[in-house]
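Next come the chains, spelled out residue by residue.
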Amino acid sequence: MLDERVGVFSTSYEHATEASQHVQFRRALTLTFMTLVMPGSAQLVMGNRRVGRIALRVWLGCLLIGGFVLFLVLTSRSGLFSLLTNEQVLTVGRWLLTAGAIAWVALLLDAWRLGRPLQLARKHRLWMTGVNGLLCLTTAGAMLFAAHLVAVQNGFIGAVFASDTVTGPESGRYNVLLLGGDSGPDRTGLRPDSLTVASIDARTGRTVLVGLPRNLENVPFPKGSVMAKEFPRGFDCDGCELNGVNTWANDHATLFGPGSGSGSRAEKSTAKPGIEATMGAVEEITGLDLNYYAMVNLRGFAKLVDAVGGVTVNVKERTAIGGIGAPISGWIPAGEHKLNGKQTLWYARSRVQNDDWSRMGRQKCVMNAMLHQLSPKTVLMNVEKIADSSKSLLTTDIPAKQLGTFMDLALKAKTEKVSTVSLVPPVIFTGNPNYDKVRRLVDKAITKAEGGAAASAGVLDARLKLPDTAQEKKDPRKANQTEDLDALC
């Protein structure tokens, strides 16, 4: 009888012990997950309340900041982008993320201590150690990775967008000169062989691409500028064409100084006389006041394309790889293909078996493809590669303060048609251009894009209409003269 009572007591004791261990295990888990969801709450309940109160206040402050960011997401996308590209904000954010990662790990470890792991059963202790360690790694890893991305972004902005001169839209549009420069040991200086003005509606993001042939002759310059004084009848020296303005001005840099330009160029420094002279010439050619420029070194362009995982292009005709000062090393076949960096570069610059006009059309198709295919997710996942490649290939005077504006416009442009007009034969003869006609074509193209009365009345030049026949649609040169680049590319 006594043995039976002892046995019952022993069993009850074991059950009570096991129940107590389960309670302790659940308590330890609860403290850990409380710290994960609301850092400091575990300390406020069972630990150092002063530490808990400080941690909770910091956490509530972070929630307020998150609420403010959410408010910007819902009400002001440009304001959000401006905040996320502000160098001071990024610097503070980087250190806060780093400090937050360390503090959160410390709180998780303290929550593990408060769970009294030495009093837990062996299997429960192992579970708690594993769970706590995993949470420490994931939270700290995520925050430190975010701090790294912020540092990369901040370094990229500081290196590339260092200008502090901010300009507003001209007649409701931002006009940016996009230059593709090709440097190398076989070339003298960096000649911008690709020149395109992106005229962007400041409200809708609707974009018109104005392509300028590199071999335009007798290029005019703004009155009163150094170039106008040197070439009063236009850029008429032997072999002088539009893409040579940059080299000529850089070779004669002593002629230039602050305020030596005219119009909107006069207010800018002439630390880069070649760029300033080229921008002045483009303003005279198109009749547009330029806000900024962006120069891409084509030898680094391939790295950027590879950094974003390639770009899908509908290749209209077989295009050579190589052949400009070197043997042809391969071909890009016709059809829709995802091109890597090298292939995309050669698709955009090849002139084998075709001409400059075809190349200009292909360049527009590549820009259009990248505009529509670069998603925020792609950029985020490849931000370090993009930043590293862009530092070596991109030069611009767009200030960091306006990055938010242009990022917002870029997202708007993804949902809009891209219009284009190029100054190519037979509309414009590059050897003897009619610059009055050029300015009329540009003005009509912009009016058409804005849906103005002149466009609705059919004033736009007939050569800007979409091609009708299948043969015309296969001709990449037609991308130079279309009001809907998406439909053609």
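Reading the values: rules and limits
Residues numbered from 1 in each chain as written. Predicted model: local features only at pLDDT ≥ 70, side-chain atom pairs only at ≥ 80, totals over all residues. Heavy atoms only, no water. Core = buried A, V, L, I, M, F, W, Y, C linked by side-chain atoms within 4.5 Å. Buried < 20%, exposed > 50% of the residue type's maximum accessible area, 1.4 Å probe, protein only. Helix = DSSP H or I, 4+ residues; strand = E, 2+ residues; numbered from the N terminus. Contact = heavy atoms within 4.5 Å. Patch = residues over 30% accessible without salt bridge, like charges linked within 9 Å, V, L, I, M, F, W, Y side chains within 5 Å. Areas by Shrake-Rupley, 256 points an atom, 1.4 Å probe, with all protein chains shown as cover. Salt bridge = Lys/Arg side-chain N within 4 Å of Asp/Glu carboxyl O. Lys, Arg positive; Asp, Glu negative; His and termini not counted. Charge placed at Lys NZ, Arg CZ, Asp CG, Glu CD. Disulfide = S-S within 2.5 Å. Axes fitted to C-alpha atoms, helices over the stretch in contact; angles between N-to-C directions. Parallel < 35°, antiparallel > 145°, perpendicular 65-115°, else oblique. Left-handed = near helix turned anticlockwise from the far one by under 90°. Polar contact = N/O pair within 3.5 Å; in protein donor to acceptor, adjacent residues only side chain to side chain.

A. Broad picture of the nonpolar core. Judged by nonpolar contacts, the single largest core of 42 residues is most densely connected at Leu 212, Met 227, Phe 235, Leu 242 and Ile 285. When residues in this core are grouped by element, the largest group, seven residues, is from helix 16 (residues 435-450). Once residues lying within four places of it in the same chain are set aside, the contact partners of Leu 212 are Leu 195, Val 197, Leu 242, Val 282, Ile 285, Thr 286, Met 360 and Leu 423. In terms of nonpolar packing, the next biggest core, distinct from the first, is built from 20 residues, Phe 156, Val 160, Tyr 292 and Leu 403 among them.

B. The arrangement of a positive patch on the surface in detail. On the surface, Arg 49, Arg 50, Arg 53 and Arg 57 cluster together into a patch of positive charge. Arg 49 sits in the exposed class, given a relative accessible area of 53%.

C. View of the state of the cysteines. A complete count under the given rule lists one disulfide for this structure. Sulfur-sulfur distance for the disulfide between Cys 237 and Cys 240 comes to 1.4 Å. Measuring handedness by torsion sign, the sulfur bridge of Cys 237 and Cys 240 sits at about -90° and is left-handed.

D. Molecular detail of the packing of helix 4 (residues 77-84) against helix 15 (residues 403-413). Where helix 4 contacts helix 15, the two axes come as close as 7 Å, and the packing angle between them is 130°. Overall, the two elements helix 4 and helix 15 adopt an arrangement that is oblique. The chirality of how helix 4 crosses helix 15 is right-handed. Seen from helix 4, the contacting residues are Arg 77, Ser 78, Phe 81 and Ser 82; seen from helix 15, they are Gly 404, Met 407, Asp 408, Leu 411 and Lys 412.

E. Seen up close, the side chain of Asp 397. The residue Asp 397 is located in the loop between strand 9 (394-396) and helix 15 in this model. A distance of 2.8 Å separates a polar atom in the side chain of Asp 397 from the backbone nitrogen of Tyr 293.

F. Layout of the pattern of salt bridges. If you walk through the whole model with that rule in mind, you get seven salt bridges. With a closest N to O distance of 2.6 Å, Arg 77 and Asp 408 form a salt bridge. Of this pair, Arg 77 sits in helix 4 while Asp 408 sits in helix 15, and the two are 331 residues apart along the sequence. Of the residues examined, Arg 77 reaches a relative accessible area of 34% and is grouped as partly exposed. For Asp 110, the salt bridge identified is with Arg 113, shortest N-O distance 2.8 Å. Of the two residues, Asp 110 and Arg 113 both sit in helix 5 (residues 87-114), three residues apart, roughly one turn of that helix. Through salt bridges with shared partners, one network takes in Arg 77, Asp 408 and Lys 412.

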